[in-house]
Amino acid sequence: MFLQQLINGLTVGAIYSLIALGYTMVYGILEFINFAHGEVYMLGAYLGIIALGLLTQWGAAGWALAPLLVILFAMVWAAAWGGTIERVAYRPLRAAPRLSPLISALGVSIVLQNFVMLTQGARDQVFRRELLFSSDFNACGLSLGACTVSYTQLLIIGTALALMAGLTLFVDRTRMGRAMRATAQDQRMARLCGVDVDTVIRTTFVIGSALGAAAGVMVALYYGVVNFYIGYVAGLKAFIAAVAGGIGSIPGAMLGGLLLGLAESFGAGYLSSQYKDVYAFVILIVVLLVRPQGILGNKRDKV
Amino acid sequence: MLSRAAPAAGPAALLSLRGLRCGYGQLEVLHGISLEVRRGEIVALLGANGAGKTTAIAAISGLLPATAGAISYGGRDITGLPPDRIVALGVVQVPEGRRIFPGLTVRENLEMGAYLTENRRARAAGIERAFAMFPRLAERRDQPGGTLSGGEQQMLAIARGLMSQPALMLLDEPSLGLAPIVVDAVFDLIREIRAGGITVVLVEQNAQRSLEIADRGYLLETGAMVLEGTGAALLAHQRVRASYLGA
């Protein structure tokens, strides 16, 4: 039971972590909470369904690399959405009072929800994972004594870890990653070094949206069903994960997401599953009481 | 070694401001200032707090739009260009307060100075040159910039500025808040930078020291240029002596 909850928690937590990264990266650079980010995650789930549909039509859904293609399609397409949202809804407000982009983000959120509802329907959409994997894959997994780690869970945890490792390498080692950290620490000085801050901001939105979309595909794969309003609760929880981990900190978002997933899983398993959504807020309150800047938060060292 | 090929020859002035006006929102800080910097000079820009010195170099670096007037560099109009284009043209600013990226290592701070150098190997070679010039920074290469002392941070800020191999360096208050012995080192370094072929604009509170090493100087008061002359002439000038040299 314990091990099973641990695995379940890690799976959900990895997904929260991926979404939380989008919040924390944007905040690190702009000190702005992108409240539309949950909707990009929701878009990602739908894009996964669309990609699966396309592959099925071309008779390629059973191909070994099909899951990778589905996730890549969703990530690339959502990245384009993220870049466009930044350009249209946020950049014109860069010099405006701080409240304006927040309101704009709420607007984007409403637009995206309704766009998906109108184009994809208000009813649940099914992600037909049986098209992607054999029934063996869906039903089975590794047995570890009394608990089972399904292949789907392994796939989700593995992919999420790979994406997070890739992001860490990008931010730590590349020229653009360095520019992102520099911009987060001192935007004016970054500009004096020749950094085009607009490009850095766009890149941040693009990467955050791609990670959010990957999380969306994973959720579709995990639960098999999505609808147009999943972005709200998931976005809220991932935001909590980012704040608890220390908003602005990339490792903090990863840690916060995992922590949240574990708390939900153990809470549901040992206390009550009816209060599942409450645990996130309990964690947030406890963390903020003990350490207001978040677990790995630091006023100075953002991103 | 320090300088890139100077921009295409034109008039003798490398940098000139003509009737530059700018400010923040409704507040105009510079009321039409003019200034000229010739290739290879050290030009001191003096003035009290709030006179507009920092605003002037922010405008040159493209951080602040000019509301009137023009800035030209190497014979071309650079008014309104974004900061990254101005850095690319060879004008680098070492800002007041050093502005070291606190969470980036010394090495990464230097990497940022060469941000526009796309070639990785060229950046690495530049960093080795900087470490040879500043052995102290080499010792601390993997330390976060925020952990350096004030003097070390100033050295790092200047080294970072040199990484892009500029033709013109704008130095804003490089000696502010440093111990006297470090101040000496900074002024020696500025001479060395000029000897390496880089033109220098020096904004300083320390009028005495900066006029000693400057070829020419300007005195800015409440957003207007009130005096201009050689370093020696300004040092001897009654108005400068009374207001800035405490004589």
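Details of the structure are given in the entry above.
Here is a short report on the structure shown in this document. (Residues numbered from 1 in each chain as written. Chains lettered and ligands numbered in written order. Predicted model: local features only at pLDDT ≥ 70, side-chain atom pairs only at ≥ 80, totals over all residues.)

## Here we look at the overall build of chain B
Convention followed: Strands here mean DSSP runs of E at least two residues long; helices mean DSSP runs of H or I at least four residues long; both are numbered from the N terminus. The quantity called the radius of gyration is restricted to C-alpha atoms. Its globule counterpart is 2.2 Å times the number of residues to the power 0.38. Counting other C-beta atoms within 10 Å of a residue's own tells you its class, since 20 or more makes it buried, 12 or fewer makes it exposed, and anything in between is partly exposed; those C-beta atoms are placed from the backbone. Here, residue contact means that the backbone-derived C-beta atoms of the two residues sit within 7 Å.
From N to C terminus, chain B includes 10 helices and 10 strands. In terms of C-alpha radius of gyration, chain B reaches 17 Å, essentially the compact-globule figure of 18 Å for 247 residues. Within chain B, buried positions represent 46% of all 247 residues. A fraction of 68% describes how many contacts in chain B between residues 6 or more apart in sequence connect residues 24 or more apart.

## Quick word on the interface of chain B and chain A
Put simply, the rule is: Side-chain classes follow a simple rule in which Ala, Val, Leu, Ile, Met, Phe, Trp, Tyr, Cys and Pro form the nonpolar group, Asp, Glu, Lys and Arg form the charged group, and the remainder, Gly included, forms the polar group.
Listed per partner, the contact involves 21 residues of chain B and 16 residues of chain A. Of all elements in the fold, only helix H2 (83–88) and helix H3 (106–113) of chain B reach the threshold of two or more residues within the side of chain B that touches chain A. Here the side of chain B that touches chain A is composed, by residue class, of 11 nonpolar, 6 polar and 4 charged.

## Section: the packing of helix H1 (residues 2–30) of chain A against helix H7 (residues 151–173) of chain A
Residues and elements named next belong to chain A. Spelled out, the test is: Axis angles are defined between N-to-C directions and span 0 to 180 degrees, where every axis is a line fitted to C-alpha atoms and, for a helix, only to the segment in contact. Here a crossing is taken to be left-handed if its near helix is turned anticlockwise relative to the far helix by less than a right angle, and right-handed if that turn runs clockwise.
Direction vectors running N to C along H1 and H7 enclose 35°, while the axes themselves pass 9 Å from each other. Viewed along their axes, H1 and H7 form a crossing whose handedness is left-handed. Counted together, Ile7, Leu10, Thr11, Ala14, Ile15, Ser17, Leu18 and Leu21 of H1 and Gln153, Ile156, Ile157, Ala160, Leu163, Met164 and Leu167 of H7 form the full contact between these two elements. When its residues are assigned to classes, the contact of H1 with H7 shows 12 nonpolar, 3 polar and no charged.

## Quick word on helix H7 (residues 180–195) of chain B
Residue and element names in this part refer to chain B. Applied cut-off: Helix span, expected: 1.5 Å multiplied by one less than the number of residues in the helix. Directions drawn from the helix axis to the C-beta atoms are what define this arc.
Taking 1.5 Å of rise per residue, the 16 residues of H7 would be expected to cover 22 Å, and the 23 Å separating its terminal C-alpha atoms lies within 8% of that figure. Among the residues making up H7, those that are buried are Ile190, Ile193 and Arg194. An end-on view of H7 places all buried positions within 95° of arc, on one side of the element. Pointing more than 90 degrees away from the buried face of H7 are the exposed residues Ile181, Asp188, Arg191, Glu192 and Ala195. Where the residues of H7 are buried, they touch strand S3 (42–47), strand S7 (168–172), strand S8 (199–203) and helix H8 (207–213). Immediately downstream of H7, the backbone of Gly197 shows phi near 100°, a positive value.

## Focus on the sheet that holds strand S2 (residues 27–38) of chain B
Strand pairing in a sheet relies on backbone hydrogen bonds. The paired strands run either parallel or antiparallel. Residues and elements named next belong to chain B. Our working definition: A pair of strands is treated as paired once DSSP finds two or more bridges between them.
A sheet is described by the order of its strands in space; here 4 strands give the open sequence S2-S1-S4-S5, paired in antiparallel fashion. Only two strands of the sheet have a single neighbouring strand rather than two, namely S2 and strand S5 (76–77). Of the strands in this sheet, strand S1 (13–24), S2 and strand S4 (68–73) are in contact with helix H1 (residues 53–60), which crosses S2 at around 70°.

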